[in-house]
Amino acid sequence: MDEALLLRKKEVASEPISKERRCWQLLLRDGSMTGIMQFLLENPVFAMAAKQFDLAADVLELPQDLRERTKWPKRMIVVSVPVKMDSGEVRIFPGYRVQHHLTLGPGKGGLRYAPSVDLGEVAALAMWMSWKCALMDLPYGGAKGGVACDPRTMSQRELESLTRRFTAELLPFIGPKTDVPAPDMGTTEQMMAWIMDTYSSHEGHAVPSVVTGKPVNVGGSLGRREATGRGVAFLANRAADLLKLPPESRVIVQGFGNVGSYAAYAMARFGSRIVGVGDISGGLYNPAGLPLGEVSEYLAKNRTLEGCPHGQWMTNEELLVQPCEILIPAATERVITAEIAAKLQCRILAEGANGPTTPDADQILEARGDVFVIPDILCNSGGVTVSYFEWVQGLQSFFWSESEVYDRLYRLMEPTLARVLKFAKDRGVSHRIAALAIGIQKVAEARRVRGLYP
Ligand code: NAD
């Protein structure tokens, strides 16, 4: 072999392998699903979602072929999103949309803008959306999307270009009958309005139901903005009633974005004392209670909670293990590790975020037996449920009052909690496995009865 070529081959072999290159390497080597599966399983968030699936599928005794058909994503879309930055430079951002299954209806799931976003993380979040929608009996498949970017460092103009171009790249794959995005970490109502506008411009007429979580004046639903956080608070309170906790429970919320802030306000309205809140920079703790209005004002002004004078400043890990009755992780995945689980001082773990607790931590919580877990796919399902209401209202062009929205939401959430607790008790499994098993069973059964085409 040519010496220069040999040298270059050696150089390439010693270069750190990017996630994208590793993906292609595996695909080219195997040229089969095995390569894709191996690539996904190398991602710690996907590996966690897959492990949870396996545990629940064991409880259901799913036959192997149905298990494989139900577990792996149906469709994974990877796009390059070029954006002209304010500096004049053109940057390419990787964007993803994973449709985990479409057996029961259009894909449904949020779009995440964060530096950590990659194909494996998005596939894991899409899988959780499948079980969540099925658990709540919503006529949807499961999907998720995102762009690897840091929205906090980008201007509004750059974010608008990114969102519109990402939408344009996804045009063949999204739509009211195929896949309906919504907000998630790092995305806002404004971005949903840009998606609706871009899609509608291509269709030649307004298509509000292509996206949910839109501003109310372009077809959004009353109550959607607050729905996830309020749903979390509703279930945390039901659990507190079941455990006969005192009304003035102490609450800690990790993440003070859409989910965390509305959950904190709703808990405070229910009479709880919010003793801790946190964001990406760290946590603020005050055993006497935090003034939420002033904390929010500080955050709006400074874009971080760091330096907020109303409590003691600490790391996120320290915040999670402070004494409280109700802990609400509402930020990101895998924050409750085995080490943290052993140190938790809460009675209720109400999972606002998706995937906050690792399977190792689950084992510790099960062995402890003193923490009542409200698993993510149940606890934060208020968001997708009101998204469903928004989609229905848009399709019918007939809009509901806020009290109708919440009345219907709580009438769906309460019996679902009861169903999960009953399954857990009857089968002797954790609340998480019960919730997953109910969702997985519904999807697997739908797959089985629809059969294979051709
Ligand atoms: P958001 O962007 O509005 O807020 C995220 C919050 O988490 C911010 O306060 C941010 O500072 C903090 N954060 C981010 N990374 C962190 C880290 N590594 N450590 C500690 N804090 C961190 O996002 P959101 O919409 O509130 O979503 C939060 C979680 O809830 C995500 O897991 C999301 O998937 C889940 N979720 C959101 C919705 C929804 O309707 N928005 C619905 C269901 C589930």
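Computed from a predicted structure; not experimentally measured.

**Topic: the packing of aromatic side chains**
- Applying the stated criterion to the full structure yields nine aromatic pairs.
- Arranged with centres 6.3 Å apart and planes meeting at 35 degrees, the rings of Y388 and W391 form a pair that is tilted. Pair noted here: Y388 and W391 are both in helix α16 (residues 381–396), with a separation of three residues, about one helical turn.
- Judged by relative accessible area, which is 12%, W391 ranks as buried.
- Members of the aromatic cluster, connected to one another through ring pairs, are Y140, Y388, F389, W391 and W400.
- A cation over an aromatic ring shows up here: R408 above the ring of W400, its NZ or CZ 4.1 Å from the ring centre.

**Comments concerning the pattern of salt bridges**
- Within this structure, the stated rule accounts for 29 salt bridges.
- Residues D241 and R238 are paired through a salt bridge, measuring 3.0 Å at the closest nitrogen-oxygen approach. Residue D241 and its partner R238 are both found in helix α9 (residues 224–242); the two are separated by three residues, about one turn of the helix.
- Residue D241 is classed as partly exposed on the basis of its relative accessible area of 46%.
- Under the relative-accessibility criterion, R238 is labelled partly exposed at 25%.
- Through salt bridges that share partners, R112, E121, K144, D184 and E333 make up one connected network.

**Some thoughts on the nonpolar core**
- Core analysis: the biggest nonpolar cluster contains 95 residues, and W131, V277, I328, I348 and I374 have the highest contact counts within it.
- Broken down by element, the residue count for this core peaks at 13 residues, all from helix α6 (residues 119–135).
- One finds V79, L111, Y113 and C149 within the second-largest nonpolar core, a separate group that totals 25 residues.

**A few points about the pairing of strand β3 (residues 107–114)**
- A large share of β3 lies buried, amounting to eight of its eight residues.
- Where β3 meets strand β5 (residues 179–183), five bridges bridge the pair, whose relative direction is parallel. Paired with K108 across the two strands is V180, which belongs to β5.
- Where β3 and strand β4 (residues 142–148) come together, four bridges link them in parallel fashion. Across the sheet, residue A114 finds its bridge partner in β4, namely A148.
- Handedness of the crossover joining β3 and β4 through α6 is recorded here as right-handed.

**Some thoughts on unusual backbone geometry**
- Between Y453 and the following residue, P454, the backbone shows a cis peptide bond with an omega angle of 5 degrees.
- Here P454 lies in the segment after α18 (431–450).
- Phi is positive for D137, which is not a glycine, with a value near 60 degrees.
- Position of D137 among the secondary structure elements: in the loop between α6 and β4.
- Taking the relative accessible area as the measure of exposure, D137 reaches 45% and is therefore partly exposed.

**Quick look at the site of the ligand**
- Close to the ligand lie 23 residues, the nearest being D184, T228, N258, V259 and N354.
- With respect to the ligand, the side chain of T228 contributes an N or O atom lying 2.8 Å from an oxygen atom.
- Within the contact set of the ligand, an oxygen atom lies 2.8 Å away from a side-chain nitrogen or oxygen of N354.
- For the ligand, whose free accessible area comes to 830 Å², the fraction covered by protein is 83%.
- At the level of elements, α9 and α10 (258–269) are the ones that each hand at least two residues to the shell around the ligand.
- Among the residues making up the shell around the ligand, the classes are represented as eight nonpolar, eleven polar and four charged.
- Counting only domains with at least three residues in the shell around the ligand, you end up with domain 1 (3–205) and domain 2 (225–370).

**Thoughts on the sheet that holds strand β9 (residues 312–314)**
- Across the sheet, which stays open at both edges, the seven strands sit in the order β9-β8-β7-β6-β10-β11-β12 with mixed pairing between neighbours. The open sheet terminates on both sides in strands that have one partner only, identified here as β9 and β12 (372–374). With strand direction ignored, the average angle separating the axes of adjacent strands in the sheet is 15 degrees.

**Quick look at the layout of surface pockets**
- The space that makes up the second largest pocket amounts to roughly 400 Å³.
- Taken together, 14 residues line the second largest pocket, and the ones lying closest to its centre are R69, K74, T103, R447 and L452.
- Among the elements of the structure, α5 (64–71) and α18 are those that each provide at least two residues to the lining of the second largest pocket.
- The class makeup of the residues in the lining of the second largest pocket is six nonpolar, three polar and five charged.

**Some thoughts on the sheet that holds β5**
- The sheet built from five strands is open, its strands ordered β1-β2-β4-β3-β5 with mixed pairing. Of all strands in the sheet, those bounded by a partner on one side alone are β1 (75–84) and β5. Adjacent strand axes in the sheet meet at a mean angle of 25 degrees when their direction is disregarded.

**Some words on the side chain of K214**
- Looking at the element boundaries, K214 is found in the loop between α8 (189–203) and α9.
- A polar atom in the side chain of K214 sits 2.7 Å from the backbone oxygen of V211.
- A polar contact of 2.6 Å, which involves the side chain of K214, links it to the side chain of E390.
- Ignoring anything within four residues of it in the chain, the contact list for K214 reads E189, M192, M196, P208, G219, G220 and E390.

**Notes on the environment of F423**
- In this fold, F423 is placed in helix α17 (residues 402–427).
- Overall, the relative accessible area of 12% leaves F423 in the buried class.
- Separated by 28 residues in sequence, F423 and G451 place their C-alpha atoms 27 Å apart.
- Among all residues touching F423, those that are not within four sequence positions of it are V59, L60, G428, V429, A434, A437 and I438.

Thresholds applied
Residues numbered from 1 in each chain as written. Predicted model: local features only at pLDDT ≥ 70, side-chain atom pairs only at ≥ 80, totals over all residues. Heavy atoms only, no water. Phe/Tyr/Trp six-rings, centres within 6.5 Å; stacked < 30°, edge-to-face > 60°. Helix = DSSP H or I, 4+ residues; strand = E, 2+ residues; numbered from the N terminus. Buried < 20%, exposed > 50% of the residue type's maximum accessible area, 1.4 Å probe, protein only. Lys NZ or Arg CZ within 6 Å of the ring centre and 35° of its normal. Salt bridge = Lys/Arg side-chain N within 4 Å of Asp/Glu carboxyl O. Core = buried A, V, L, I, M, F, W, Y, C linked by side-chain atoms within 4.5 Å. Pairing = 2+ DSSP bridges. Right-handed = clockwise from strand over helix to strand, strands pointing away. Near = heavy atom within 4 Å. Polar contact = N/O pair within 3.5 Å; in protein donor to acceptor, adjacent residues only side chain to side chain. Areas by Shrake-Rupley, 256 points an atom, 1.4 Å probe, with all protein chains shown as cover. Nonpolar A, V, L, I, M, F, W, Y, C, P; charged D, E, K, R; others polar. Domains from an automatic or database assignment. Axes fitted to C-alpha atoms, helices over the stretch in contact; angles between N-to-C directions. 1 Å grid on protein atoms, 1.4 Å probe; cavity = no way out; pocket = protein on both sides within 12 Å on 5 of 7 lines; lining within 4 Å. Points joined across faces, edges and corners; volume = space filled by probe spheres on them. Contact = heavy atoms within 4.5 Å.

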